[in-house]
Amino acid sequence: MCSSDLGVSRAAVARQYPTRDALVRAIAERAIESLGVQLMRASKKLKTAEAVERGTGMGRAYLSWARDNPHEYALVFSTPPPESAPPRSFYEESGQAVPLAFGAGLPQWTGDAAANPAFTVWALLHGLATLLTSGPLADLNNESKDRLIQATLERLSEFTNRS
């Protein structure tokens, strides 16, 4: 997307964001905020749900946001993040919130990702989101992506129920 797509001049963009890095950083911050809003809405809707239903709903919200915002997802979660991305502390604070969102009924965040079941679930869903947005599954239509998301969450739910 460029300034003309937004109906503004290049000069207006340049006044607001003096460097390309400043613009990219602002886009990344807004994308993370957008993801946070989607997860917060899902969390409120699922507040009284049982743990597995809550985790599945949060997973669906995360994956749906990635599906609907593939460019923002790629920017926010690129490895390594672009130099213009928000500081690492911004990601660490946001990053802890994401696994906690999936952690209903699971042990709380301890700071040790390897020992945290919620973080493991998030890592699995993050992998699927990456495949759907910029990997070999990116060209699937949204209906196929939705079916894959649903099937993945159902299998994850079955596994969680067995544990």
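Anything mentioned here points back to the structure above.
The present account deals with the structure reproduced in this document. Quantities reported herein were computed from a predicted structural model and do not represent experimental measurements.

1. Quick word on the overall build of the protein
- Looking only at helices and strands, one finds eight helices and zero strands in the protein.
- For the protein, the α and β elements follow one another from N to C terminus as α-α-α-α-α-α-α-α.
- With 163 residues in all, the protein has 33% of them scored as buried.
- Long-range contacts, defined here as pairs at least 24 residues apart, represent 54% of the contacts in the protein between residues at least 6 apart.

2. Points about the pattern of salt bridges
- For the coordinates displayed, the defined rule picks out four salt bridges.
- Glu29 is the salt-bridge partner of Arg25, the closest N and O atoms lying 3.4 Å from each other. With a gap of four residues between them, Arg25 and Glu29 both fall in helix H3 (residues 20-45), about one helical turn apart.
- Accessibility expressed as a relative area gives 25% for Glu29, which makes it partly exposed.
- Bridged by salt links that share partners, the residues Arg67, Asp68 and Asp146 form one connected network.

Procedures and definitions
Residues numbered from 1 in each chain as written. Predicted model: local features only at pLDDT ≥ 70, side-chain atom pairs only at ≥ 80, totals over all residues. Heavy atoms only, no water. Helix = DSSP H or I, 4+ residues; strand = E, 2+ residues; numbered from the N terminus. Buried < 20%, exposed > 50% of the residue type's maximum accessible area, 1.4 Å probe, protein only. Contact = heavy atoms within 4.5 Å. Salt bridge = Lys/Arg side-chain N within 4 Å of Asp/Glu carboxyl O.

By themselves, these are just geometric observations and shouldn't be taken as functional.
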